[in-house]
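# Structural characterization, general
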Amino acid sequence: MSDVTATESLPAPIADTVDNPVSGIDQTAGNFSYKMDYEFDAGTGLSEKTVRYISSVKKEAPWILEFRLNALKQFLAKPMPTHWATKDLENINFDKIRYYLSSGQKPKRTWEEVPDDIKKTFERLGVPEHERKFLAGVEAQFDSEAAYSNIKDIVSKQGVIFVNSTEGLREHPELFRKFFGKVIPTGDNKFSALNSAVFSGGSFIYVPKGVKVAQPLQAYFRINAENFGQFERTLIIADEGAEVTYMEGCTAPKFSTSTLHSAVVELVALKGAKIQYITVQNWSANVFNLVTKRGVAEEDAEVRWIDCNIGSRLTMKYPGVVLRGKRARGEVLSIALANDGQHQDTGAKMIHAADDTTSNIIAKSISVGEGRSTYRGLVHIPKTLANCRNNTECDALLINEHSRTDTYPAISVRGRKNSVQHEASVSKVSAEQIFYMMQRGLSEGEAMSLAVNGFVNDLVKEFPMEYSVELKRLIELQMEGSVG
Amino acid sequence: MSQLEIKDLHVSIGEKPIVKGLTLTVRSGEVHAIMGPNGTGKSTLAKAVAGHPSYTITSGDVLLDGKSVLPMQPDERARAGLFLAFQYPSEIPGVSIANFLRAAIQARLGEGEELDATGYYKRLYSKMDLLQIDRKFTSRAINDGFSGGEKKRCEILQMAMLEPKFALMDETDSGLDIDALRIVADGVNALRSTNLGVLMITHYQRLLGYIVPDHVHVMWDGRIVKSGDKSLALELEAKGYDWVKNELVPA
Ligand SMILES: Nc1ncnc2c1ncn2[C@@H]1O[C@H](COP(=O)(O)OP(=O)(O)OP(=O)(O)O)[C@@H](O)[C@H]1O
Ligand SMILES: [Mg+2]
């Protein structure tokens, strides 16, 4: 094991061109030609060399390299979870993937070259002008430093630390190391191991005791090449009595430079703290989105995941909460939309580990065309505990004949003093409903999107205003293509 | 002045003929009542005119102001001025009455035209007050968990908001209590005075006491077999459909 020190010179970039970095936005929309040069590039394929390279570029401390190398071993040793998950996972070619890109891209595409329908989509979604260019890949750097430093200034006055993962581990090791990789151990699953080996980007946040952060912290403001990356790592710690909301993603179709996105997000809510984590993501149809998200809630603490997944080829994501202290509360509210050729395999995990803990799961999925949604839930309440409660509700909406939905709730609730409530429903938008709405003057597409928006309406209300408006428009756009 | 002409209309469901050559013309401001036994094809007629995709028009035509509506999609027909008050209105979970009607009105505006939200709500509330529908209903999902009578009132509210040229009212009276019947009738009469033409399907003479029809037609086995003025409805009520049936038996 060799230590990489900050002074060591960096290896030359392995390649300066990329096969298909714009597997973007809408593959059918037009032919992109796109070429980028990367200042730092780990090349394709995954080996110890790749991991060492990433660690050296980031000038990491030896313990982090150690952590990465150990993770790589675990990743390589672990089989694909295809004994329970879809065989489509076998189509990921790990040798073809680019594991690290840093800043310094010079995109060659101009705004004029961006296909009209993509521009139109941005318009319909109300994406601000300057963000459109970034999302379309015209600008590599999202010019929002002003907005970001503003928020950073405000919260740093309260003692909040809000940095990226590299900076977090470098500048505040004593703080972050304590929880880093603890909520989600490296070997939790094959993809958490992968992330642990090659992570870069993501946010590290610490909110001091009793501090209530008034405005949501947004990853949106912090988009740069790294955060747009595939293997971001986020750790949020809310100290005793602290409160914070974090939002990531945006509803605009995401220009993706890679076909594999595998993030790890860990949340730690100490005694009486509250963390709310909101995700709205719209991946392009070639992306494998395999994300591990988990939070731990100590006594009287609350962790709440609001998760909205649209697009991607395959999403596997089951946000979880470990209810570790008495009276802790955990909640997962999720919306998944699977269009043609897409598979949303989502759900939630609630691990009760103390008395008087409560958890709530509401999952809604929409399958359009040949789209497929799967709900997987896990609720665990051991019999040694008392007064624990879980409520699980999963509702699926099928739009066409060929769409498909499956539900796999695993609820292990022991002990007579605990209670669990489970409801599941599968519904369809009926021809009669569509006719009824069309009879009032709505086109078939409008009728369909209204019905779908109605189906998710009670959950969308929980989203911050600007997200819920965007989400509605996004559903409209998705539904337009679904009707003949 | 508008007119809705139904000309020798034949409608099938699958292979089965239901409406078998029906002719009828409704002009602005007129109220035509259609009465007839269960399963005669009254609802089929109304839905076929509105463009329901399960109903095949095998021959005949439906003209709105001289122009055939048959090539038009249901939503185009609606925007052209045809309204169907359903016998069994659909429930649309999660879609509030306010949002639904707003979308429906927006759909009638031109490209780039935006609905004036304040004016819209003002109008919505005034129509609701008129129909004595609690304002709280604006945020309730359309017909979701509504009582039978509430659904029917909600249909009339939509009609009042959308201001069609012609309304096909399919048993709007069934399920309404006596007070609601009068309220709904007042609403329809008010619209009638502004030139709405109505084709009213009903089983009961009572409604016709409130909304006095210009013409009454008896439908039997997919056809109109007898037409007359409002007295026909009274006669029917007194004698029952057997009377019509007996008249039909060739002498
Ligand atoms: N979707 C359908 N599939 C098969 N048969 C149908 C369908 N809809 C209606 N019918 C049949 O068509 C005939 C006419 O039905 P319709 O609903 O038009 O009658 P109606 O005159 O409105 O009766 P009611 O007074 O009971 O409302 C009935 O025999 C009915 O069973
Ligand atoms: Mg009927």
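Residues numbered from 1 in each chain as written. Chains lettered and ligands numbered in written order. Predicted model: local features only at pLDDT ≥ 70, side-chain atom pairs only at ≥ 80, totals over all residues. Heavy atoms only, no water.

### Quick look at the overall build of chain B
Under the convention used in this document: The way it works is that DSSP assigns letters per residue, a run of H or I at least four long becomes a helix, a run of E at least two long becomes a strand, and they are numbered from the N terminus. Radius of gyration here uses only the C-alpha atoms, and the compact-globule reference equals 2.2 Å multiplied by the residue count raised to the power 0.38. When a residue's accessible area, from a 1.4 Å probe over protein chains only, is under 20% of the maximum for its type it is buried; when over 50% it is exposed; and in between it is partly exposed. Contacts were defined at the residue level, with two residues in contact if any of their heavy atoms lie within 4.5 Å. Per-residue and other accessible areas follow the Shrake-Rupley method at a 1.4 Å probe size, with only the shown protein chains counted as cover for residues. Residues scored as positive are Lys and Arg, those scored as negative are Asp and Glu, and His as well as the terminal groups of each chain are ignored. Here the site of a charge means atom NZ of a Lys, CZ of an Arg, CG of an Asp or CD of a Glu.
Across its full length, chain B carries nine helices and 10 strands. For 251 residues, the compact-globule estimate of 2.2 N^0.38 gives 18 Å, and chain B sits close to it at 18 Å. Oriented by its inertia axes, the alpha-carbon framework of chain B measures out at about 65 × 40 × 35 Å. Counting across all 251 residues of chain B, residues that qualify as buried make up 52%. The contacts in chain B between residues at least 6 apart in sequence include a share of 68% that link residues at least 24 apart. As displayed, chain B has an accessible area near 11200 Å², and 49% of this comes from carbon and sulfur atoms. Charge separation in chain B, taken as the distance between the mean sites of 29 positive and 32 negative side-chain charges, equals 1 Å.

### Quick notes on the pattern of salt bridges
The following threshold applies: A side-chain nitrogen of Lys or Arg and a carboxyl oxygen of Asp or Glu constitute a salt bridge if their distance falls within 4 Å.
Applying the stated rule across the entire model yields 32 salt bridges over all chains. Taking the shortest distance from any N to any O, the salt bridge between Lys151(B) and Glu91(B) comes out at 3.1 Å. Note that Lys151(B) is positioned in helix α5 (residues 148-162) and Glu91(B) in the loop between β6 (82-85) and α3 (97-106), a separation of 60 residues in sequence. The exposure class of Glu91(B) is partly exposed, given its relative accessible area of 33%. Across the pair Arg182(B) and Asp179(B) runs a salt bridge, and its minimum N-O distance is 3.5 Å. Residue Arg182(B) and its partner Asp179(B) are both found in helix α6 (residues 178-193); the two are separated by three residues, about one turn of the helix. Judged by relative accessible area, which is 37%, Arg182(B) ranks as partly exposed. Sharing partners across several salt bridges, the network here consists of Glu248(A), Lys293(A), Asp307(A) and Lys317(A).

### What about the packing of aromatic side chains?
For clarity, the threshold we go by: The aromatic pairing rule takes the rings of Phe, Tyr and Trp, using the six-membered ring of Trp, and pairs them if the centres are within 6.5 Å, calling planes under 30 degrees apart stacked, those over 60 edge-to-face and the rest tilted.
Using the criterion set out here, one finds 17 aromatic pairs over all chains in the structure. Considering the side-chain rings of Phe176(A) and Phe204(A), the 4.9 Å spacing of their centres and the 65° angle between planes classify their relative orientation as edge-to-face. Of this pair, Phe176(A) sits in helix α7 (residues 173-176) while Phe204(A) sits in strand β2 (residues 203-207), placing them 28 residues apart in sequence. Side by side, Phe176(A) and Phe204(A) carry an identical accessibility label, which is buried. Both rings, one in Tyr436(A) and one in Phe86(B), keep their centres 4.9 Å apart while their planes meet at 45°; by these two values the pair is tilted. Pair noted here: Tyr436(A) is in helix α9 (residues 431-439) and Phe86(B) is in the loop between β6 and α3, and the two residues belong to different chains.

### Some thoughts on the coordination of the magnesium ion (ligand 2)
All names here are of chain B. For clarity, the cut-off: The donor set covers N, O and S atoms within 2.8 Å of the metal, switching to 3.2 Å for Na, K and Ca, and it leaves out water, so a site may look short of donors.
The magnesium ion (ligand 2) binds to the protein through Ser43 (OG) and Gln87 (OE1), with metal-donor distances spanning 2.0 to 2.2 Å. Residue serine 43 is found in helix α1 (residues 42-50), and its partner glutamine 87 is found in the loop between β6 and α3; the two are separated by 44 residues along the sequence. Accessibility expressed as a relative area gives 16% for glutamine 87, which makes it buried.

### Side note on the pairing of β2(A)
All names here are of chain A. As a reminder, the rule being used: At least two bridges found by DSSP between two strands is the condition for calling them paired.
Counting buried positions over the five residues of β2 gives five, a clear majority of the element. Side chains of β2 alternate between two faces, with Ser203, Ile205 and Val207 and Phe204 and Tyr206 buried alike. Looking at chain direction, strand β1 (residues 161-164) and β2 are connected through four bridges and run antiparallel. Note that in β2 the partner of isoleucine 161 across the bridge is tyrosine 206. Here β2 pairs with strand β4 (residues 233-238) via four bridges, running parallel. Residue tyrosine 206 lies in a different strand from β4, and its bridge partner there is isoleucine 237.

### Brief notes about the packing of α9(A) against helix α10 (residues 444-460) of chain A
Residues and elements named next belong to chain A. Here is the rule: Comment: axis = line fitted to C-alpha atoms, over the contacting stretch for helices; angle = value between 0 and 180 degrees taken between N-to-C directions. Throughout this description, any angle smaller than 35 degrees is read as roughly parallel, any larger than 145 degrees as roughly antiparallel, any in the 65 to 115 degree range as roughly perpendicular, and the remainder as oblique. Crossing handedness: left-handed means the near helix sits turned counterclockwise from the far one by under a right angle, and right-handed means the same turn made clockwise. Residue polarity follows a fixed list, in which Ala, Val, Leu, Ile, Met, Phe, Trp, Tyr, Cys and Pro are nonpolar, Asp, Glu, Lys and Arg are charged, and the others, Gly among them, are polar.
Following both chains from N to C, one finds α9 and α10 inclined at 120°, their axes separated by 9 Å at the closest point. Judged by the inter-axis angle, α9 sits oblique to α10. As α9 packs across α10, the resulting crossing turns out to be right-handed. Between α9 and α10, the contacting residues are Ile434, Met437 and Met438 on the first element and Glu444, Ala447, Met448, Leu450 and Ala451 on the second. A breakdown of the residues in the contact of α9 with α10 according to their chemical character gives seven nonpolar, no polar and one charged.

### So, the sheet that holds strand β8 (residues 197-201) of chain B
Sheet strands pair by backbone hydrogen bonding; their relative direction is either parallel or antiparallel. Residue and element names in this part refer to chain B. Pairing within the open sheet is mixed, and its six strands lie in the order β6-β7-β8-β3-β9-β10. In the strand order of this sheet, the two ends are held by β6 and β10 (223-228), each with one partner. Shown here is a sheet whose adjacent strand axes are inclined to one another by a mean of 20°, direction ignored. When strand β7 (residues 166-170) meets β8, the two strands line up parallel, connected through five bridges. Residue pairing in the sheet places methionine 169 in a bridge with methionine 200 of β8. Set on the sheet, α1 makes contact with β3 (31-35), β6, β7, β8 and β9 (215-220); between it and β6 the angle comes to about 145°.

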